[in-house]
Number of protein chains: 2
Amino acid sequence: MDDLSFENFKDEALKNTAVKKEYDALGPVFELRRKLIKLRTAKGVTQEQLARIMGTNKSNISRLESGENISYPTFKTISKYAAALGYKVDIEFRPV
Amino acid sequence: MDDLSFENFKDEALKNTAVKKEYDALGPVFELRRKLIKLRTAKGVTQEQLARIMGTNKSNISRLESGENISYPTFKTISKYAAALGYKVDIEFRPV
DNA sequence: ACAGGTGTTATCAAATTTGATAACTTTCAA
DNA sequence: TTGAAAGTTATCAAATTTGATAACACCTGT
């Protein structure tokens, strides 16, 4: 463990119900973002190039991938992003 | 083939670029809807019960599952729906 | 025929996402 | 150092989704 103080802080913070709820809810979104970024960079495509293909602007791609305040993209946005890179979206549901 | 006239009509319609684009774009959404409905009915849960758990109304569940005009739900809505039934969402990307 | 349960549709306001533009930071190569 | 490329952040308007309420349709068992 590298940063014990942070780990401890996180554990404490997660005892707070409100914080935990946010954490749980946002976790999957971060996972999605990581997947999107991986898809794009694996093909050596820049945000600007991708934006062009999707018909939008690079700032919006950045917001989708790493924006601080933004939360939940629509299925359409995810689909367009994937399609622009030659992928289709497949949503699966797994028991918790 | 059961309904040749419909098949023919569909083929003709899909020659129209605009129609085809809509069809392609909406296909995945319909697939998602089918999965959601299957998840819910498999557990013997009604739309009203699910709505209660999700903290919304049954009309909104119906719209999500079968609404005519509505298009692309957010990741948050899909997640809430799944969580209410004991599932988590997993988004995969597959080459076209 | 009736009543209750289930699902659908319509409508409006509220909330959120998205598009567009611009300015900014960082990195890297010339 | 300068300049360009890549990504981030801020902001506002526009578009879309979501919540809420109400009314309607459909079915099934009594």
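Up top is the structure.
Residues numbered from 1 in each chain as written. Chains lettered and ligands numbered in written order. Predicted model: local features only at pLDDT ≥ 70, side-chain atom pairs only at ≥ 80, totals over all residues. Heavy atoms only, no water.

Q: What is the right way to look at helix α4 (residues 58–66) of chain B in this model?
A: A turn of α-helix holds 3.6 residues, and therefore any two residues three or four places apart point the same way. All of the buried residues along α4 of chain B are Ile61, Leu64 and Glu65 of chain B. Projected down its long axis, α4 of chain B carries its buried residues within an arc of 90 degrees, all on one side. (Buried < 20%, exposed > 50% of the residue type's maximum accessible area, 1.4 Å probe, protein only. Helix = DSSP H or I, 4+ residues; strand = E, 2+ residues; numbered from the N terminus. Arc of directions from axis to C-beta.)

Q: Would you take a moment to explain the protein's contact with DNA strand C for this structure?
A: Surrounding DNA strand C, one finds 21 residues, the nearest of these being Ser59, Ser71, Tyr72 and Thr77 of chain A together with Gln47 of chain B. One of the side-chain N or O atoms of Asn57 of chain A is found 3.2 Å from a phosphate oxygen in DNA strand C. Between Arg63 of chain A and DNA strand C, the recorded distance is 2.9 Å, taken from a side-chain N or O atom to a base nitrogen. For the surface near DNA strand C, the secondary structure elements donating two or more residues are α4 (58–66) and α5 (75–84) of chain A together with α4 of chain B. At five residues, α4 of chain B tops the list of elements feeding residues into the surface near DNA strand C. Across the surface near DNA strand C, the residue classes tally to three nonpolar, 13 polar and five charged. (Near = heavy atom within 4 Å. Polar contact = N/O pair within 3.5 Å; in protein donor to acceptor, adjacent residues only side chain to side chain. Nonpolar A, V, L, I, M, F, W, Y, C, P; charged D, E, K, R; others polar.)

Q: When you look at the protein's contact with DNA strand D in this model, what are you seeing that I'm missing?
A: The environment of DNA strand D is formed by 21 residues, the closest being Gln47 of chain A together with Ser59, Ser71, Tyr72 and Thr77 of chain B. A share of 57% is what sugar and phosphate atoms reach among the atoms of DNA strand D within 4 Å of the protein. Residue Thr56 of chain B places a side-chain N or O atom 3.5 Å away from a phosphate oxygen belonging to DNA strand D. When residues of the surface near DNA strand D are traced back to their parent elements, those giving at least two are α4 of chain A together with α4 and α5 (75–84) of chain B. Ranked by residues supplied to the surface near DNA strand D, first place goes to α4 of chain A with five residues. In the surface near DNA strand D, the residues fall into three nonpolar, 13 polar and five charged.

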